[in-house]
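# Results of the structural survey
The residues making up each chain are set out below.
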Amino acid sequence: MADPTELAPTTVSARASRAETVSPTPQAERVDTAKALNRVPGGAALDNGGLAGQTQFRGLSGYRNQVTIDGMGIASGGPNWMDPPLHYAPAALVEEVSVTRGIPSVADSVDAIGTTVNATTKTSDYALDDTYALHGWAESRIESVNNGYGLAGQASLANEHNRIGVTAATDQAANTRTPYGVLNATAYDRKQYGIDLGHRGRLGETSAFVRAQRTGDSGNAALPLDTDFFHTWMGQLEHRVTLADWRLSAQISGNHVEHRMANDLLRPAPDFSPLNGAADDPRFIRARSQQYATRLRAAHDLAGGEATLGVDGRFAQHDAFVGNPDNPGFRVDNFDSIRRNTYSGFAQWAGALDRLTDELLSDAWRGELGLRYTHIDMSAGPGGVAPGLPAPAQRLAAEFAADDRAQSDDNVDLVGKLSRAFGERWQATLGLARKTRSPYYIERYAYIPLEASAGAADGNNVIGDTRLDPEVAYMADLGLSFTGSRLSVSPQVYYHRINDYIDAVAFDDTPGQVDSDVERVSRVNGDATPLQYANVEAEIYGADVAASYAISTHWQLDGGAGYTRGKRVDVSDNLYRIAPGNVRAQLTWANADWQLRLAQRYVFAQHDTADYRTDPSVADPATGGYALTDVAARYQATDAVSVEVGVDNLLDRGYRDFLAGFNRAGDSAVPVGARLPGAGRNAYATLHWSF
């Protein structure tokens, strides 16, 4: 009923609905898994750096979506989301990425009003009998646009009852070349190592993994600092068993991130503070995040369908302070002992409606109804600034310390879905929902105006508001799909009315007039027109479509299109950073050994920009339309060896992606404040060997 779309490393394919088909498209990148969203109808990727892509679906981005890795949530370590969740899923280690197209079920979504995205990684597989066998794979990749390379591999030992596997991956690159020149602060360095285990027997199946990731010097040109390091571990333990007629699962997971970022690492230190005259103003931030989570599910057949009960718990902590490497006495504890605990439970039924309605409706009708209750507790320490900092900063810290920093929310989600099949080829679907999201910790507890905004990349300093209300989204989704012997097409339209939408707006009614401590401190921090998170009223609506046509035995045509419009309802303005409309098409020729692909993507101009978030430090926020052409060829040399070569942006088109943000790094191909251009022509090659 959820109508999700699965994205393998080289494909996008449907899973839940027989009428939904999005066939293979080229996916040349083997680095940032978030870019797979560019091939989902209604989806897009926010590019904040080579390893820092965020997800957007139908206008909702970042923490409004539930993004997991093997079903496990990740507490990002950076307050500017240099490590969004998919940062910890290197694309070479990803088996598939599933994206719910439409409204997610309550069973799959906690404290999120957007879609659900899950990256399933490559782990060891059980063998067919009791004999242990060794198997695995290795892959290497090179690309020209940034002299990048990647190495990844896996080795597993398994029989039909037990398995153990080890994985490793590294991704390295220099700065990115564009038709305008080389972009500074765009290099990256990431390594991940992991071990996974599994056992299955008469008491069910137990699985586990532990992974360590080390991200080194990595650029984030759209953000004010670059990544010095992420030192991260993550782990998960899960057990599944069937008892009587109940299907049960239990999961515990956790991750811990240590992070340092700096503004003089991969770029020249900027001069933004008037307190230091014409001298440079180097800064660094040390941050730490950790999260532990539990997940329980119990499913049982009921009235011709499946009833599911479940509980979820998440317990997260965040800390960060700002320092000056040239001044040991400079310190701002901008996020101090943040706690965000989530307690949630749900009940859901889904299935055919004939038995439930005593044959009033036929089995061509299917339905789903789910209810979720979530309680969230949040708190923060008193924060503080070093004694030598100016009086306005001292007063802001004192006011925050005296504020009521303990907040709690009680949220209720309700999701209903209805579908009707018309013969074997047609299906209509309707989804209605009330969904909620409580404020992210930055939105409530940022008391010093800094450009730490989970990767908004708009040049603004922002402060929070401890008294923010949760977002409440009322959502409607209507779809029609056709699946024929050669043609498949599935258009959908949607409308979201979001009460208390949380966004950053002007701090006061006199922006640019520095007459408050917030504005005084923000000016010293490089932005005289700060913003503050507030509850506003918003609506998002649009349409998207996926289509596929089998021209002949060897030829296949796939495509899709999407359009999303986001608006403020309380004032006449647009929502910030909504992807423009786009159309994509791919022509594929394939036989037993070869696959040749030609892909074309056109992105429309975006002039519906958010005036309320446009900072004077950035250039024109609008972007023009552009078209990109990609070609690729894949050869299956043997059963164990395959080679893929291709060229992205074949015509070396100069373009600017509306979701790319604005350049913050000096000595680059484009000036500070200009919209960052997209990568130039990129030739790549990948060699894959399995054993």
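Heads up: the structure comes first, above all this text.
Nothing here was measured: the structure is a model prediction, and the numbers come from that model. (Residues numbered from 1 in each chain as written. Predicted model: local features only at pLDDT ≥ 70, side-chain atom pairs only at ≥ 80, totals over all residues. Heavy atoms only, no water.)

Scanning the chain from N- to C-terminus turns up three helices and 36 strands. The C-alpha radius of gyration of the chain comes to 25 Å, within 12% of the 26 Å expected for a compact globule of 691 residues. Overall, the C-alpha framework of the chain stretches about 70 × 55 × 50 Å when taken along its three principal axes. Considering only contacts in the chain between residues 6 or more positions apart, those separated by 24 or more positions represent 68%. (Helix = DSSP H or I, 4+ residues; strand = E, 2+ residues; numbered from the N terminus. Rg over C-alpha atoms; globule rule 2.2 N^0.38 Å. Contact = heavy atoms within 4.5 Å.)

Side chains of Asp264, Asp271, Asp280 and Asp326 sit close together on the surface and give a patch of like negative charge. Counting through the fold element by element, Asp280 comes out in the loop between strand E18 (246-262) and strand E19 (284-302). (Patch = residues over 30% accessible without salt bridge, like charges linked within 9 Å, V, L, I, M, F, W, Y side chains within 5 Å. Areas by Shrake-Rupley, 256 points an atom, 1.4 Å probe, with all protein chains shown as cover. Salt bridge = Lys/Arg side-chain N within 4 Å of Asp/Glu carboxyl O. Lys, Arg positive; Asp, Glu negative; His and termini not counted. Charge placed at Lys NZ, Arg CZ, Asp CG, Glu CD.)

Strand pairing in a sheet is mediated by backbone hydrogen bonds. Such pairs are either parallel or antiparallel. Here three strands make up an open sheet; going across it, the order is E3-E4-E5 and the pairing antiparallel. At either end of the open sheet lies a strand with only one pairing partner, and these are strand E3 (43-46) and strand E5 (60-61). Bridging between strand E4 (residues 54-57) and E5 involves two bridges; their strand directions are antiparallel. Within E5, the position partnered with Phe57 by the bridge is Leu60. (Pairing = 2+ DSSP bridges.)

Relative to strand E32 (residues 582-590), strand E30 (residues 555-568) runs antiparallel, the two sharing eight bridges. Each bridged residue has a counterpart across the sheet, and for Ala561 the counterpart in E32 is Val583. With nine bridges connecting them, E32 and strand E33 (residues 594-603) associate as antiparallel partners. For Asn582, the partnering residue across the bridge sits in E33 and is Val603. Counting the residues that bridge the hairpin from E32 to E33 gives three residues.

This paragraph deals with the packing of aromatic side chains. Within the structure shown, the criterion is met by 14 aromatic pairs. Taking the centre distance of 4.8 Å and the plane angle of 50° together, the rings of Trp426 and Phe482 count as tilted. A residue pair is termed long-range when its members are at least 10 positions apart, and Trp426 in strand E25 (residues 426-437) and Phe482 in strand E27 (residues 471-483) qualify at 56 residues. The partly exposed category is assigned to Trp426, whose relative accessible area is 39%. Taking 5.0 Å as the distance between ring centres and 85° as the angle between the ring planes, the aromatic pair formed by Tyr602 and Phe604 counts as edge-to-face. (Phe/Tyr/Trp six-rings, centres within 6.5 Å; stacked < 30°, edge-to-face > 60°. Buried < 20%, exposed > 50% of the residue type's maximum accessible area, 1.4 Å probe, protein only.)

One ladder, built from 17 bridges, connects strand E17 (residues 226-243) with E18; its direction is antiparallel. If you follow Thr227 over to E18, its bridge partner there is Met261. Between E17 and E18, which pair antiparallel in sequence order, lie two residues; one of them, Ala244, sits at a positive phi of approximately 55°. As paired elements, E18 and E19 share 17 bridges and run antiparallel to each other. Looking across to E19, one finds that Ile252 is bridged to Thr294.

So, on to the pattern of salt bridges. Under the definition given, this model contains 34 salt bridges. We note a salt bridge from Glu143 to Arg141, for which the minimum N-O separation is 3.1 Å. For the pair shown, Glu143 and Arg141 are each scored as buried. Each of the salt bridges in this network shares a partner with another, and the network as a whole consists of Arg58, Arg101, Asp477 and Asp544.

Before going further, it helps to spend a moment on the nonpolar core. What tends to happen in soluble globular proteins is that the nonpolar side chains get buried as a cluster. Ranked by internal contacts, the top residues of the largest apolar core, which has 73 residues, are Phe335, Ile442 and Ile448. Beyond its immediate sequence surroundings of up to four residues, Ile442 is in contact with Pro79, Phe335, Ala452, Ser453, Ala454, Gly464 and Tyr533. One finds Ile113, Ala433, Met475 and Tyr576 within the second-largest nonpolar core, a separate group that totals 24 residues. (Core = buried A, V, L, I, M, F, W, Y, C linked by side-chain atoms within 4.5 Å.)

Purely geometric numbers; function is a separate question.
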